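Chain and residue survey
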2 protein chains.
Amino acid sequence: MSDHAHSETERLLREARLYSTACRRATLGVLLGSDRPLSQAQIADQFRDGGFNKVSIYRTLASLVEVGLVHKAFLHKRTWHFEAAHRCSQTQCHPHFTCTRCGATFCMTEVRMPMAQGQPRGFVILRQQVRLEGYCPGCAG
Amino acid sequence: MSDHAHSETERLLREARLYSTACRRATLGVLLGSDRPLSQAQIADQFRDGGFNKVSIYRTLASLVEVGLVHKAFLHKRTWHFEAAHRCSQTQCHPHFTCTRCGATFCMTEVRMPMAQGQPRGFVILRQQVRLEGYCPGCAG
DNA sequence: AAAAAAATGCAACTTAGTTGCAAATTCTGC
DNA sequence: GCAGAATTTGCAACTAAGTTGCATTTTTTT
Ligand SMILES: [Mn+2]
Ligand SMILES: [Mn+2]
Ligand SMILES: [Zn+2]
Ligand SMILES: [Zn+2]
């Protein structure tokens, strides 16, 4: 990670009252630089040499989610995917699209969804998450 | 299962060109009678005596999903939940609400969501799925 | 009733994610 | 900087949802 990225992740961790550790800076850096949600395995793959233990990455992700720097984006098969929260609003992330032919997933940052209206009496809706399915440009032809 | 329910599930399976078997009629019957999505384990629990092997239930669910009689509603933790498709439209199920305090999940059949608009060029959106988070009536107080 | 097609049960397996604990790192106050 | 407290990390072992291969049974077709 560059010095610039290092100080940026360090600042974010400080503000969130989290210890600034190598594993957290690296994990957050990877997610900030990704245009799509990543699984623990995909994150680990980006650590060239002397990576981190998968348990540490899982615990790092849990701490980042807890302070809101990262979101659990969705479950694909039985695997959670995570993304930095910098392109999400307080009440929802952008929708995620999965192609039912090739299985690829895309962040649909251009698609705007209004918040759900008309919840039954007594329910308080705080966040919503939208998954889209269909064919990606490569498969739609 | 009642005789009426038996003939109803049998008819649905016939129309879908699936063999009408005990495991399929029972599984479909349970889902049709449920007001919320169920996991394999929850379905199995409803088979009093002489239940079915969990592998058979999983394979039954896969066949019901394949013909569209049942939907994979959502993943909670690492567990899929299934529901009969009779209260879903062609392009989306009703939203599912999960309480972040007690963990309970509810079908929000009253909440209507418009289909996503403005997908990037080349993408074909066929279905959408909405998850809501917040506090249920019991936890909102 | 016989043959063909498909579903079922069982045991063994896979693997994402979790837990407990000892060692290492980071922070805080001097 | 340095000691001590607080927290994170790595490792090994574990958990459990879901899958696979194969022999047997059930359902459908003729
Ligand atoms: Mn997000
Ligand atoms: Mn549905
Ligand atoms: Zn595709
Ligand atoms: Zn609740």
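Residues numbered from 1 in each chain as written. Chains lettered and ligands numbered in written order. Predicted model: local features only at pLDDT ≥ 70, side-chain atom pairs only at ≥ 80, totals over all residues. Heavy atoms only, no water.

Turning our eyes to something else, we now look at the overall build of chain A. Each helix and strand counted, chain A has 5 helices and 5 strands in total. Principal axes of the C-alpha set define a box for chain A whose edges measure 45 × 45 × 25 Å. The contacts in chain A between residues at least 6 apart in sequence include a share of 50% that link residues at least 24 apart. Carbon and sulfur atoms make up 48% of the accessible area of chain A, which totals about 7,900 Å². (Helix = DSSP H or I, 4+ residues; strand = E, 2+ residues; numbered from the N terminus. Contact = heavy atoms within 4.5 Å. Areas by Shrake-Rupley, 256 points an atom, 1.4 Å probe, with all protein chains shown as cover.)

With that settled, the discussion passes to the sheet that holds strand β5 (residues 124-135) of chain B. Read across the open sheet, the 6 strands follow the order β4(A)-β3(A)-β5(A)-β5(B)-β3(B)-β4(B); overall the sheet is mixed. In this open sheet, the two strands that pair with only one neighbour each are β4 (105-107) of chain A together with β4 (105-107) of chain B. Strand-to-strand twist across the sheet, computed as the mean angle between neighbouring axes with direction ignored, equals 25°. When strand β3 (residues 96-99) of chain A meets β4 of chain A, the two strands line up antiparallel, connected through 3 bridges. Bridging across to β4 of chain A, Thr98 of chain A finds its partner in Thr105 of chain A. (Pairing = 2+ DSSP bridges. Axes fitted to C-alpha atoms, helices over the stretch in contact; angles between N-to-C directions.)

All names here are of chain A. At the metal site, the manganese ion (ligand 1) is ligated by His71 (ND1), Cys88 (SG) and Cys93 (SG), and these contacts range over 2.0 to 2.3 Å. The motif formed by the donor residues of the manganese ion (ligand 1), counted along the single chain, is H-x16-C-x4-C. You can see His71 sitting in strand β1 (residues 70-76) and its partner Cys88 sitting in the loop between β2 (79-84) and β3, a full 17 residues away along the chain. For His71, a relative accessible area of 15% gives the class buried. (Donors = N, O, S within 2.8 Å, 3.2 Å for Na, K, Ca; no water. Buried < 20%, exposed > 50% of the residue type's maximum accessible area, 1.4 Å probe, protein only.)

Interpretation note: all reported values are geometric properties and have no functional meaning in isolation.
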